[in-house]
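# Overview (structure and organization)
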Amino acid sequence: MSPSNNSSTLGILCVVIGVFCISINDMLIKQLSGGYPLHQMVFTRSAIGLMFSLVLVQIEGGWGILRTRRPGLHLVRGLMVVISNMTFFTALAVIPLADATALFFAAPLFITLLSIPILGEKVGPLRLSAVLVGFSGVILMQRPWEGTEDIGVNRIVLLLPVFSALTYALLQLLTRKLGATTKASALAVYIQVTFIAVSGLFWLVAGDGRYAEGLENESLIFLLRAWVLPDGSDVWLFLGLGLNAAIIGYALSQAYRLADAATVAPFEYVGLPLAVFWGWLIWTEVPAWEVWVGMALIMGAGLFVFLREQQMSRRVARGEVKQRY
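In what follows, the accompanying structure is described. (Residues numbered from 1 in each chain as written. Predicted model: local features only at pLDDT ≥ 70, side-chain atom pairs only at ≥ 80, totals over all residues. Heavy atoms only, no water.)

### What to know about the overall build of the protein chain
A tally of regular secondary structure across the protein chain gives 14 helices and 0 strands. Along the first, second and third principal axes, the C-alpha set of the protein chain runs to 65 × 55 × 35 Å. Burial analysis of the protein chain (325 residues in total) assigns 52% to the buried set. Taking the contacts inside the protein chain whose residues are at least 6 apart along the sequence as the reference set, 83% of them involve residues at least 24 apart. Charge centroids of the protein chain, computed over 22 positive and 19 negative side chains, lie 19 Å from each other. (Helix = DSSP H or I, 4+ residues; strand = E, 2+ residues; numbered from the N terminus. Buried < 20%, exposed > 50% of the residue type's maximum accessible area, 1.4 Å probe, protein only. Contact = heavy atoms within 4.5 Å. Lys, Arg positive; Asp, Glu negative; His and termini not counted. Charge placed at Lys NZ, Arg CZ, Asp CG, Glu CD.)

Laid out in structure tokens, this is it:
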């Protein structure tokens, strides 16, 4: 196996591990969303995750690898992941896990589109057509023909996972850009520190729950309710969030360092069946037909993009073509 193929294989393995941990993370946050504010969970999991990440820093080279000449880009990357998480979890408090996850999986489609201006990758008409098919699935899941009363949730809340997907795509493309000179553990530390800073600011401003008083919107209540000391078995759930945060930050950073964005991104679709499984197992949630069809369109488009990428890469390597379609 060539070094390039080996890197791609390791990148795919890392992204699958990361996505599995994300599914656990999403399940735990939805489970805890009825009693704790989002910024408390983010702060706790990031503080715990930071400790694990710092251990990995020592393994990968010591404190010196945390130095960077591009602090601005690292800050933007950190803010992208914070925005992505906050918007997704705010929606997750009120819509089914499978629905939110399926809408979020527009991210690989955004990655394919944005890799053109950001990474200079070439994406031809067939893959662009597949991306359009995928976004038609996103539109279908939005059910534009129904009113707010019929879908049972505010339209803005239903769009939050899509916005989360966009910011997540920007995060991973920046990871690819920065990963050439930065270790995965350092990338994970930067993210955890950004989470701690933003959630700490939330605590200073809204940690006493003053802004949640009188609200009826469950998403806003989840975002702004007062901090509560974890009780009983919830302590272990918070510890699980922290461990997951460390694994997710490292695994996804490593995946996008090792392999092309278009190669590893489609494997994030492993999270779709996992979301359906957790939703069914814990909350007896069964997706509506629009969600199933939307999932199929989004997943089918993403897999087509991936397979086409692999096919054209092989042909370019053999010298059969000079232009990728």
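### Structural notes on a nonpolar patch on the surface
A cluster of nonpolar side chains, Leu10, Leu13, Ile17, Phe52, Leu243 and Ile247, forms an exposed patch at the surface whose accessible area comes to about 490 Å². Contributions of two or more residues to the nonpolar patch are made by helix 1 (3–32) and helix 11 (234–258). By residue number, the principal contributor to the nonpolar patch is helix 1, which donates 3 residues. Mapping Ile247 onto the fold places it in helix 11. When its relative accessible area of 32% is taken as the criterion, Ile247 is described as partly exposed. (Patch = residues over 30% accessible without salt bridge, like charges linked within 9 Å, V, L, I, M, F, W, Y side chains within 5 Å. Areas by Shrake-Rupley, 256 points an atom, 1.4 Å probe, with all protein chains shown as cover. Salt bridge = Lys/Arg side-chain N within 4 Å of Asp/Glu carboxyl O.)

### Some words on helix 2 (residues 38–60)
A rise of 1.5 Å per residue sets the reference length of helix 2, with its 23 residues, at 33 Å; its end C-alpha atoms lie 32 Å apart and thus fit the reference within 8%. Following helix 2 by one or two positions, Gly61 has its phi on the positive side, about 150 degrees. (Expected span 1.5 Å × (residues − 1).)

### Brief notes about the environment of Gly49
Checked against the element boundaries, Gly49 lands in helix 2. Spatially, the C-alpha atoms of Gly49 and Gly242 are 4.6 Å apart, while their sequence positions differ by 193 residues. Setting aside anything within four residues of it in sequence, one finds Gly49 in contact with Gln192, Gly242, Ala245 and Ala246.

### Examining the side chain of His39
Its place among the elements puts His39 in helix 2. Residue class for His39 comes out buried when judged on its relative accessible area of 0%. Among the polar contacts made by the side chain of His39, one reaches the side chain of Trp227 at a distance of 3.0 Å. Excluding its chain neighbours within four sequence positions, the residues that come into contact with His39 are Ser199, Phe202, Trp203, Ala206, Gly207, Leu223, Leu224, Arg225 and Trp227. (Polar contact = N/O pair within 3.5 Å; in protein donor to acceptor, adjacent residues only side chain to side chain.)

### As for the environment of Ser164
Position of Ser164 relative to the elements: it lies in helix 8 (residues 155–178). A residue is classified by how much of its surface remains accessible, and Ser164, at 0% relative accessible area, is buried. A C-alpha to C-alpha distance of 19 Å links Ser164 and Leu297, two positions 133 residues apart in sequence. Those residues within four positions of Ser164 in sequence are excluded, and the remaining contacts are Ser84, Thr87, Phe88 and Phe104.

### Quick word on the side chain of Thr101
Along the chain, the position of Thr101 falls in helix 4 (residues 97–104). For Thr101, a relative accessible area of 5% puts it in the buried group. Engagement of the side chain of Thr101 in a polar contact is seen with the backbone oxygen of Leu97, the distance being 2.8 Å. With sequence-adjacent residues up to four places away left out, Thr101 is seen in contact with Phe88, Gly271, Leu272 and Ala275.

### Overview of the packing of helix 5 (residues 107–119) against helix 6 (residues 125–142)
Interaxial distance between helix 5 and helix 6 falls to 9 Å at its minimum, and their mutual angle equals 140 degrees. As summarised for this structure, helix 5 and helix 6 are arranged oblique, according to the angle between their axes. Crossing handedness for the pair helix 5 and helix 6: left-handed. Touching Leu109, Phe110, Thr112, Leu113 and Ile116 of helix 5 are Leu128, Val131, Gly134 and Phe135, all from helix 6. (Axes fitted to C-alpha atoms, helices over the stretch in contact; angles between N-to-C directions. Parallel < 35°, antiparallel > 145°, perpendicular 65-115°, else oblique. Left-handed = near helix turned anticlockwise from the far one by under 90°.)

### A few points about the state of the cysteines
For the structure on display, the rule yields 0 disulfides. Cys21 provides the cysteine sulfur closest to Cys14, a residue in no disulfide bond, and the two sulfurs are 11 Å apart. A relative accessible area of 16% means that Cys14 is categorised as buried. Its relative accessible area of 8% is what places Cys21 among the buried residues. (Disulfide = S-S within 2.5 Å.)

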